[in-house]
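Listed below, chain by chain, are the residues.
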Amino acid sequence: MFGSSLKILRVDLTNQTMRIEQLSEEIYRQYPGGKALAGYILLNELLPGVDPLSPENILVIAVGLLTGAPVSTLPRYVVSAKSPLSLGFGQSEAGGFWGPEFKLAGFEAMVITGRAKEPVYLFIKDGEAKILPAGHLWGKLTAEVEHTLRREHGDDRIRVLQTGIAGENLVRYAGLTNDLRHFNGRNGMGAVFGSKNLRAIAVRGNGRYQQLAANGAGLMEIGKGLARRVKDDPISWELQSHGTLGLITPFQAAGMLPTRNFREGLFEGWDKINWDAYEEKIFTRNHSCYACAIRCKREVKIDGKESEYGGPEYETVGVFGSNCGVGDIEVVARANELCNAYMLDTISCGMTISFAMECYENGLLTQADTDGLDLRFGNAEAMLTMIHKIARREGIGDLLAEGSWRVARKLGNGAEDFSISCKRQELPMHEPRGKFNVGMGYAISEIGADHLVIPHDGGFANDQTYQFKEGAKLGMQNPQPAKAFNPDKMKHFYLLEQWVSLENTVGYCFFGPSPRSFIRVEEVMDSINNACGWNLSVEEAMLIGERAINMARLFNLREGFTREDDTMPKRLFTALPEGPLSDIVISYEVFQESLTELYRLKGWDPQTGVPTRQKLESLGLGWVLEKEWSRLA
Amino acid sequence: MVSVSVGGYLGFYTPRHQRKFQFAAGEGLAISEIVRQLGLPQAEVALVSLNGDVVEDFSILVREGDELKLFSVTDGG
């Protein structure tokens with residue numbers, strides 16, 4: 001056994017048929033789940049140029065080699081399709097419990113094609129699947145759907161992955177949730193569900209991961225050791241102590257807390273949304289993903305009652321707090337609850353609202369456009385009302401449901417500069433002017449602006465940091481400061497991106513492996529090899545990550561993306577108005593030189609960013625050359 | 001007194017994981033000395049804010065009434 005059943009469930013919603021396909025070990029070894037397997041399937045089966053909201057789009061849901069292993073930080077699965085937001089490679093990972101349950105129900109991936117005539121949901125149990133009517137679930141909030149499915153199947157342990165009303169209404173940044181508090185937020189995968197008349201996938205699996213693993217006992221030992229170490233390691237200790245909420249205070253101190261649509265880096269209300277405020281006003285207890293001893297998630301109370309939807313994490317606090325000018329953690333918690341009940345990506349939703357606020361303050365939108373709302377920064381009630389409108393596509397919400405990039409093109413007159421997005425997807429809450437490689441990640445990421453492409457700058461500034469020492473195991477040399485672009489930093493990027501891509505392939509959470517977190521490089525490799533028995537080296541593992549990156553790149557090139565798409569919004573090439581970063585400017589010319597250097601390191605044409613024939617062959621992607629080269633070259 | 005706070009995973013290293021401290025600065029106390037007395041590994045101190053300004057020189061002397069904030073690296077997630 002090598003950590004996988006090798007089974008792919010294929011669901012044709014148009015014809016209401018299903019079949020199970022068996023992968024070969026040879027293919028799985030090159031594409032061992034997650035991002036890599038999804039890329040392999042999409043590149044093989046999805047025709048370029050399809051409308052992402054048409055029946056021709058293909059949804060792939062894939063767990064990783066290690067997903068469901070009894071080891072901390074291994075709950076992840078990826079949902080992939082052509083993105084209705086970016087129009088490129090769509091990819092969104094989530095933790096929670098759904099991925100392990102799906103794996104332990106006997107599957108490695110699911111491929112969903114076509115479109116059901118009427119709303120449906122899928123029910124999967126221990127190797128068998130059914131397509132069932134979902135008319136009674138359509139139009140319901142996510143909590144009601146989850147309760148209904150558990151009640152109807154008489155099993156409280158069913159795990160439900162679903163979109164919400166936002167997905168039904170094809171909001172381009174509608175997401176997916178499992179257990180109501182874990183999210184495939186980005187890239188509009190919920191809208192793809194909605195376009196297929198697919199509301200939910202309920203899963204129950206009684207398998208045990210150890211039965212899939214080459215050395216299940218070895219994995220158990222690794223899992224026990226890491227669980228014991230969580231409280232004894234500084235990084236996992238901090239994640240357990242504060243989750244991601246510890247970021248507000250240092251970002252404010254560094255002048256890099258995204259404020260009022262990235263116009264500023266300091267927020268006067270920062271201490272009303274930081275961890276101290278969170279703990280005092282809304283926090284109730286920690287929560288966990290499958291088998292994870294860190295327990296970084298937060299549960300909260302709203303108006304004295306514990307929310308069914310979990311608590312906001314840093315990204316959500318930033319985007320509905322400082323980024324919309326709202327200094328009130330209780331309002332932020334309500335915004336989080338609304339997005340999760342409707343199933344909107346909090347990042348794109350908050351950023352589209354802050355975009356609209358900036359348009360409003362500059363006269364590009366008026367109260368006649370906003371259904372009478374005074375949509376200035378800081379207006380908490382208007383912000384909350386806007387979430388309802390977007391999810392239901394009511395009034396101006398119908399326009400904003402398209403995302404800031406499309407609205408900006410419609411409004412014109414300079415609104416384009418207020419859409420803070422890359423490849424049409426809005427930025428997460430990390431300020432590139434304080435950590436340059438995060439900006440490079442936003443620019444080059446195949447899915448559009450994403451903060452989880454590499455561990456962030458700052459930990460690699462001297463050779464005595466834990467992060468740098470772990471990075472050195474991946475080949476990293478020459479420490480570099482956060483606020484710099486140079487060839488050494490591009491080499492850092494090149495190596496770290498492959499490692500994170502591997503994480504997204506085998507099923508790790510970003511908070512598991514080093515250099516970002518506490519699981520050492522050799523422990524990651526031990527886990528992989530105990531699962532698959534292949535005795536992979538770090539170099540071979542990095543190659544798996546690099547292969548997945550290149551497939552996503554090829555997907556986008558087929559869709560017409562070019563070097564011009566690998567950039568940041570104009571605003572980020574200017575200085576912040578005040579604070580510690582006010583003298584920092586990212587030079588457009590230096591950014592372009594660095595991009596060229598990064599292309600060169602990746603084995604891509606330095607000018608066009610197209611992978612070279614030699615590179616693709618070295619990655620075992622010759623089959624793509626035969627299929628696609630005439631289109632790409 | 002100098003008001004000192006630590007953030008991020010630096011709190012792991014301090015006695016009883018405390019995050020706020022008061023130091024008597026006398027004629028001036030180097031930031032590196034405060035870092036040492038708190039038991040923090042200096043290499044892991046990624047951000048230093050002194051009275052609202054970001055400083056990078058650990059030999060800078062802090063004075064009575066100053067506010068010093070020390071943070072570990074601020075990574076994503």
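In this text the structure is predicted, and so the values were computed from the model without any measurement.

## Observations regarding the confidence of the model for chain B
- Chain-level statistics for chain B give a pLDDT mean of 95 and a share of 100% at 70 or above.
- In the predicted complex, the global pTM is 0.98; the interface-specific ipTM is 0.97.

## Section: the sheet that holds strand β6 (residues 109–113) of chain A
Residues and elements named next belong to chain A.
- Strands sit in the order β2-β1-β6-β3-β4-β5 across an open sheet of six strands; the sheet is mixed. Edge positions in the sheet fall to β2 (17–22) and β5 (89–94), since each has one partner strand and no second. Recorded for the sheet is a direction-independent mean angle of 15 degrees between the axes of neighbouring strands.
- As paired strands, strand β3 (residues 59–63) and strand β4 (residues 77–82) are joined by four bridges and run antiparallel to one another. In the strand pairing of β4, Val63 is matched with Tyr77.
- Each of β3, β4, β5 and β6 is contacted by helix α2 (residues 34–45), which is oriented at about 150 degrees to β3, the strand it contacts most.

## Some words on the nonpolar core
All names here are of chain A.
- Of all hydrophobic cores here, the largest spans 228 residues; its most connected members are Val60, Ala200 and Leu344.
- Broken down by element, the residue count for this core peaks at ten residues, all from helix α21 (residues 538–558).
- Each residue touching Leu344, except ones within four places of it in the same chain, is listed here: Ala166, Val171, Tyr173, Ala174, Gly175, Cys339, Cys349, Ile387, Ile390 and Ala391.

## As for unusual backbone geometry
All names here are of chain A.
- Of note, the bond from Ser514 into Pro515 is cis; its omega dihedral lies within 30 degrees of zero at 0 degrees.
- We note that Ala291 has phi near 60 degrees; this positive angle belongs to a residue other than glycine.
- Among the structural elements, Ala291 can be located in the loop between β13 (283–287) and β14 (297–302).
- Notably, Asn413 is not glycine yet its phi reads approximately 55 degrees, a positive angle.
- Note on placement: Asn413 falls in the loop between α16 (404–411) and β16 (421–422).
- Residue classification places Asn413 among the exposed residues on the basis of 10 C-beta atoms within 10 Å.

## Some details on helix α7 (residues 216–229) of chain A
- Here α7 of chain A contains 14 residues, and its C-alpha end-to-end distance of 20 Å stays within 8% of the 20 Å for a straight helix at 1.5 Å per residue.
- Against α20 (521–532) of chain A lie the buried residues of α7 of chain A.

## What to know about the interface of chain B and chain A
- With 20 residues of chain B at the contact, the number on the chain A side is 29 residues.
- Those elements that place two or more of their residues in the side of chain B that touches chain A are β4 (47–50), β5 (53–55) and β7 (67–71) of chain B.
- Within the side of chain B that touches chain A, the residues separate by chemical class into nine nonpolar, seven polar and four charged.

## A look at the sheet that holds strand β9 (residues 159–162) of chain A
Residue and element names in this part refer to chain A.
- Spatial strand order, β8-β7-β12-β9-β10-β11: six strands in an open sheet with mixed pairing. The two strands at the open ends of the sheet, each matched to only one other strand, are β8 (128–133) and β11 (182–184). Going across the sheet, the axis of each strand differs from the next one's by a mean of 20 degrees, ignoring polarity.
- As paired elements, β9 and strand β12 (residues 198–204) share four bridges and run antiparallel to each other.

## Concerning the environment of Leu245 of chain A
Residue and element names in this part refer to chain A.
- Among the secondary structure elements, Leu245 is positioned in the loop between α8 (234–242) and α9 (248–253).
- When the C-alpha atoms of Leu245 and Phe107 are compared, they prove to be 35 Å apart, with 138 residues separating the residues in sequence.
- Aside from chain neighbours lying at most four places away, what touches Leu245 is Trp275, Tyr278, Tyr314 and Val317.

Calculation rules
Residues numbered from 1 in each chain as written. Chains lettered and ligands numbered in written order. Predicted model: local features only at pLDDT ≥ 70, side-chain atom pairs only at ≥ 80, totals over all residues. pLDDT = per-residue confidence, 0-100. Pairing = 2+ DSSP bridges. Helix = DSSP H or I, 4+ residues; strand = E, 2+ residues; numbered from the N terminus. Axes fitted to C-alpha atoms, helices over the stretch in contact; angles between N-to-C directions. Contact = placed C-beta atoms within 7 Å. Core = buried A, V, L, I, M, F, W, Y, C linked by C-beta atoms within 7 Å. Buried ≥ 20, exposed ≤ 12 C-beta atoms within 10 Å, placed from the backbone. Expected span 1.5 Å × (residues − 1). Nonpolar A, V, L, I, M, F, W, Y, C, P; charged D, E, K, R; others polar.

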